[in-house]
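# Secondary and tertiary structure notes
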Amino acid sequence: MAALFLSDLEPNQVLFEESSYARKMILNRPHKLNSLTYEMISQISRNLEVYENDHLVKILILKGQGKAFCAGGDVVGILLSIINGHWSFGARFYKKQLTLDYLIATSTKPLVSLINGIVMGGGAGLSMNSMFRVVTENTVFAMPEGQIGLFPDVGASYFLSRLSGSFGEYLGLTGARLDGSEMLACGLATHFVLSKDLLLLENALSEVDSSDALTISRVISAFSSKISLKKDSAFRRLETINKCFSKGTVEEILSTLENEVVNGDNKWMVHAISSMKSASPTSLKIFLKLIREGRTKELKDCLIQDYTIVCHLIRRTFNMDFIEGSRAKLFEKDKQPKWEPSKLELVSDEMVDQYFQKVDDADWEYLQLPERANIAKIWQSKL
């Protein structure tokens, strides 16, 4: 088991800095695209509690070293533990991670995520649940979990379901990538700042002696730049996306896309079809049910549901898709996963519903999130 936790022995995985009224949390595994280890999540959680109880602290800043903000959780470590018969480590990891996402979303101190680079999976959980989400021309966002037999979790059924029309379904089902401009346009980001101005923004935020959200927003806005959506941006095709991804089932969504692609030459549509056909059919159906239910739920309930489903997947209660998808995409990299069931039509509603039910294990319990005075809320972009 020792080999499973070598990543946790790396020193300085998160750097913590004090600057006037600000406290900075800097993800520091650039060689691993700042993928989150159990120790990183634990360190951030501990420091977040300290900062919230310090009346001198007015603002929190979260960023990543290198070319990524955070590319996700340390899936390889979790997988190795599962293969070695310790699925409970994965459960503990996700419990810790989802709890941190909730603490960030309900933080008593405004948190600004500076997302300059890749942000996926667990990185989206940290940043999309923060009050301010600053992106740059270098930002690349995606939730491609379906490709490895998982699903967009970390509260995605909450923050993706709040986007315009069915754009959240599109992002979660296809794993489509967005740049910084698209993130601002759709509402995932609150501000767009050129990367060359980020340090100036950091310095300005450090001098803000108030936790007032509007005051902080004005400071960030002073460094913001205008955006320009690319001509082939999927967000420019929102009407078509709504038509396709508002359908009741994954099968209907895919069928509508295939009918639409005949009438146009949209690369985004071809990519969407290809991505959905290569993803785990079970994962796609789980996410569609999640995001549809997520529209009427609070973040807390979405995270609790995420945990239950993740535990089923890492425990391999009903299938081996997470192990198989990771084998094909992360380990052997043959990109030919053998999903079970292998086709959408073989995944019944009853099969999907099983993942939303209690895990049948004597030591298992639903995710317990702490009582918080602050209510999680989504701040929209200033477009």
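See the structure printed just above.
Summarised in this report is the structure supplied together with it. Just so you know, the residues in each chain are numbered from 1, in the order the chain's sequence is written. Since the coordinates come from a predicted model, pLDDT governs what is reported: local features require at least 70, and pairs of side-chain atoms require 80 or more to be given and counted, while whole-chain, interface and lining totals use all residues. Values reported for side chains reflect all heavy atoms of the structure, with hydrogen atoms and water molecules removed beforehand.

### Considering the nonpolar core
Throughout, nonpolar core names a set of buried Ala, Val, Leu, Ile, Met, Phe, Trp, Tyr and Cys residues whose side chains join them through atoms within 4.5 Å. Accessible area is worked out with a 1.4 Å probe on protein chains only. A residue is then buried under 20% of its type maximum, exposed over 50%, and partly exposed in between. In terms of nonpolar packing, the biggest core is built from 105 residues, with Phe141 and Leu188 touching the most fellow members. Secondary structure elements are taken from DSSP: a helix is a run of H or I of four residues or more, a strand is a run of E of two residues or more, and numbering for both begins at the N terminus. It is helix α3 (residues 87–105) that contributes the most residues to this core, eleven residues altogether. It only takes one pair of heavy atoms within 4.5 Å for two residues to be counted as in contact. Among residues more than four places away in sequence, those in contact with Leu188 are Met128, Arg133, Phe141, Phe159, Leu160, Leu163, Leu171, Leu178 and Met183.

### Quick word on the packing of aromatic side chains
When two rings of Phe, Tyr or Trp (its six-membered ring) have centres within 6.5 Å they constitute a pair, described as stacked for plane angles under 30 degrees, edge-to-face for angles over 60, and tilted for the intermediate range. In this structure the tally under the stated criterion is nine aromatic pairs. Pairing Phe93 with Tyr94 gives two aromatic rings, centres 5.7 Å apart and planes at 75 degrees, and the pair type is edge-to-face. On the basis of relative accessibility, which here comes to 2%, the residue Phe93 falls in the buried class. On the numbers, 5.7 Å between centres and 90 degrees between planes, the contact of Tyr170 with Trp268 is edge-to-face. Within this pair, whereas Tyr170 is found in helix α6 (residues 167–174), its partner Trp268 is found in helix α12 (residues 267–278), the two being separated by 98 residues in sequence. Here the aromatic cluster, defined as three or more aromatic residues joined through ring pairs, consists of Phe167, Tyr170, Phe235, Phe245 and Trp268. In our convention, an over-ring charge means Lys NZ or Arg CZ found within 6 Å of a ring centre and within 35 degrees of that ring's normal. Lying over the aromatic face of Tyr38, Arg92 brings its terminal NZ or CZ to 5.4 Å of the ring centre. The ring of Phe356 carries Lys289 above its face, with NZ or CZ at 4.9 Å from the centroid.

### Overview of the state of the cysteines
Here a disulfide denotes a covalent bond joining the sulfur atom of one cysteine to the sulfur atom of another. Two cysteine sulfurs form what is called a disulfide whenever their separation falls within 2.5 Å. In total, this model carries zero disulfides according to the counting rule given. A disulfide-free cysteine, Cys302 has its sulfur positioned 16 Å from the sulfur of Cys311, the nearest such atom. For Cys302, a relative accessible area of 1% translates into the label buried.

### Side note on the pairing of strand β5 (residues 111–115)
Note on strand geometry: in a regular strand, side chains alternate between the two faces of the sheet. With five of its five residues buried, β5 lies for the most part within the structure. Where burial is concerned, the two faces of β5 agree: the one with Leu111, Ser113 and Ile115 and the one with Val112 and Leu114 are both buried. Only strands that DSSP links by at least two bridges are regarded as paired with each other. Pairing analysis gives four bridges linking strand β3 (residues 59–64) to β5, with the strands arranged parallel. Paired with Ile61 across the two strands is Val112, which belongs to β5. Bridge analysis of β5 against strand β7 (residues 132–135) gives four bridges, and the strand direction is parallel.

### Notes on a nonpolar patch on the surface
Residues Val76, Leu80, Ile83, Leu330 and Phe331 make up a contiguous nonpolar surface patch of roughly 390 Å² in combined accessible area. For the nonpolar patch, the secondary-structure elements that each account for two or more residues are α2 (75–83) and α15 (321–331). Take the nonpolar patch: its biggest share by element is three residues, from α2. Within the secondary structure layout, Leu80 lies in helix α2. For Leu80, a relative accessible area of 30% gives the class partly exposed. Residues qualify for a patch when their relative accessible area is over 30% and they have no salt bridge, like charges being joined within 9 Å and the nonpolar side chains of Val, Leu, Ile, Met, Phe, Trp and Tyr within 5 Å. Under the convention used here, a 1.4 Å probe and the Shrake-Rupley method define accessible areas, while residue burial counts only the protein chains that appear. Each salt bridge in this description consists of a side-chain nitrogen of Lys or Arg and a carboxyl oxygen of Asp or Glu lying within 4 Å of one another.

### Description of the sheet that holds strand β9 (residues 178–179)
Taken in spatial order, the four strands line up as β4-β6-β8-β9 in an open sheet, and their pairing is mixed. Looking at which strands have only one partner, the edges of the open sheet turn out to be β4 (68–70) and β9. Summarising the sheet, strand β8 (residues 140–142) and β9 pair through two bridges and their orientation is antiparallel. Across the sheet, residue Phe141 finds its bridge partner in β9, namely Leu178.

### Some remarks on helix α1 (residues 38–52)
Residues three or four positions apart in an α-helix share a direction because the helix packs 3.6 residues into each turn. In this scheme, a helix's expected span is set at 1.5 Å multiplied by one less than its residue total. Here α1 spans 21 Å end to end across 15 residues, near enough to the 21 Å set by a 1.5 Å rise per residue. The elements touched by buried residues of α1 are β1 (14–19), β2 (22–27), β3 and α3.

### Here's the deal with the environment of Ser228
Relative to the elements of secondary structure, Ser228 occurs in the loop between α9 (213–221) and α10 (238–245). Taking C-alpha positions, Ser228 is 39 Å from Gly77, a pair spaced 151 residues apart along the chain.

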